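Coordinate inspection notes
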Amino acid sequence: MEKLGLLGFSEVDRTKDPTYYVNYLDNLNESEWFQGYKDRGFARLKIQESNHILDVGCGVGKDAQVLAKKVGKSGRVVGIDSSETMIAEARQRTKNLDLPLEFYLSDAHIIDFPDNSFDVCRADRVLIYLAEPLKAITEMVRVARSGARIDISEPDMATLVVDMPNRELTRKILNVSCDNIPNGWLAHQLPTIFKDLGLKNITVNPETYIVKDFNMASHSFDLTKSAKYAQENGIVLAEEAEEWLAYLEEASYAGRFFSAITGFCVCGHKP
Ligand SMILES: C[S@@+](CC[C@H](N)C(=O)[O-])C[C@H]1O[C@@H](n2cnc3c(N)ncnc32)[C@H](O)[C@@H]1O
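The structure contained in this document is the topic of the report that follows.

With respect to empty space enclosed by the protein
Taken as a whole and judged by the stated rule, the model has one cavity of 30 Å³ or more. Approximately 70 Å³ is the volume attributed to the largest cavity. Along its surface, the largest cavity is lined by Tyr-37, Lys-38, Gly-41, Phe-42, Arg-44, Arg-122, Ala-123, Asp-124, Asp-151 and Ser-153. Among the elements of the structure, helix 2 (32-45), strand 4 (118-124) and strand 5 (144-155) are those that each provide at least two residues to the lining of the largest cavity. Tallied by class, the residues present in the lining of the largest cavity amount to three nonpolar, two polar and five charged.

Digging into the site of the ligand
Neighbouring residues of the ligand: 20 residues in total, closest Lys-38, Gly-57, Asp-81, Ala-108 and Arg-125. For the ligand, an oxygen atom lies 2.6 Å from a polar atom in the side chain of Asp-81. In the model, a nitrogen atom of the ligand is placed 3.2 Å from a nitrogen or oxygen of the Ser-82 main chain. Protein chains bury 97% of the 600 Å² of accessible surface belonging to the ligand in isolation. A breakdown of the residues in the shell around the ligand according to their chemical character gives nine nonpolar, five polar and six charged.

Describing helix 10 (residues 238-253)
Here helix 10 contains 16 residues, and its C-alpha end-to-end distance of 23 Å stays within 8% of the 22 Å for a straight helix at 1.5 Å per residue. Looking at the buried side of helix 10, the elements it contacts are strand 6 (161-162), helix 6 (167-179), helix 8 (214-221) and helix 9 (223-232). Gly-255 occupies a position one or two residues after helix 10 and carries a positive phi of about 70 degrees.

As for unusual backbone geometry
The phi torsion at Lys-46 lies on the positive side, around 45 degrees, for a residue other than glycine. Position of Lys-46 among the secondary structure elements: in the loop between helix 2 and strand 1 (52-56). Using a relative accessible area of 59% as the deciding quantity, one classes Lys-46 as exposed. With a phi close to 65 degrees, Asp-222 is a non-glycine residue in the positive phi region. Summarising the element assignment, Asp-222 is placed in the loop between helix 8 and helix 9.

Procedures and definitions
Residues numbered from 1 in each chain as written. Predicted model: local features only at pLDDT ≥ 70, side-chain atom pairs only at ≥ 80, totals over all residues. Heavy atoms only, no water. 1 Å grid on protein atoms, 1.4 Å probe; cavity = no way out; pocket = protein on both sides within 12 Å on 5 of 7 lines; lining within 4 Å. Points joined across faces, edges and corners; volume = space filled by probe spheres on them. Helix = DSSP H or I, 4+ residues; strand = E, 2+ residues; numbered from the N terminus. Nonpolar A, V, L, I, M, F, W, Y, C, P; charged D, E, K, R; others polar. Near = heavy atom within 4 Å. Polar contact = N/O pair within 3.5 Å; in protein donor to acceptor, adjacent residues only side chain to side chain. Areas by Shrake-Rupley, 256 points an atom, 1.4 Å probe, with all protein chains shown as cover. Expected span 1.5 Å × (residues − 1). Contact = heavy atoms within 4.5 Å. Buried < 20%, exposed > 50% of the residue type's maximum accessible area, 1.4 Å probe, protein only.

Here it is, written out as structure tokens:
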């Protein structure tokens, strides 16, 4: 049975090809929109010299590098990730840099740092892949100091849209894409979670990623795999899956393809 690609982020090292996920992150990082998205996220953190920062689910460590340059020598940036492949890659890429960087293999559900350790705890596109994101967020708050910023950005899989006239069919396939991620709805639950955890000055910034090329969208949002999964699981007929994919490919060829997803970037302060 076809397994959805994005789901592999839950267990990168157990997938057939962990380097696929390294390349996925590198490709995305090259896109112009994505660089703007990252810059807006860094600005939101209001980093100051000497800050201690925790990057949960740091991937290949690119963000940690950027943040380490901002905190100066007296600062500290720690990246944690549950994937050995990602941590090895992050260490390899930064080993010759004279930056206050550390990378550790660690599961976000149990963060191995004492209470009140960091001025900023952030996670970017990580917690939707977790079995128990509330546990991880509670841990992030625990290791944050009083006054620290907690900043979490997640795509909301329920906001994935694709311009295709057959609404019912499109909904069925996009629901597969959303429901196969452990917590595809987490993004729009974050503001309430932050409130319930007692965080203050909560801000919510939406970010919409628009993709006008079918291949790129299929890669980013698992469109082809979702259609196949829907077919294999009896959610749609084989000819419906084919019709859907053929329409989107033709639309893309004709310059008429449109898809988008919105993420929510939620920031709050620990009292
Ligand atoms: C989509 S990537 C995002 C990486 C990075 N934050 C970025 O913006 O490029 C998701 C990352 O979360 C990591 N991850 C997934 N489950 C995790 C867990 N339980 N604990 C820590 N990291 C996890 C994956 O290994 C992967 O590196």
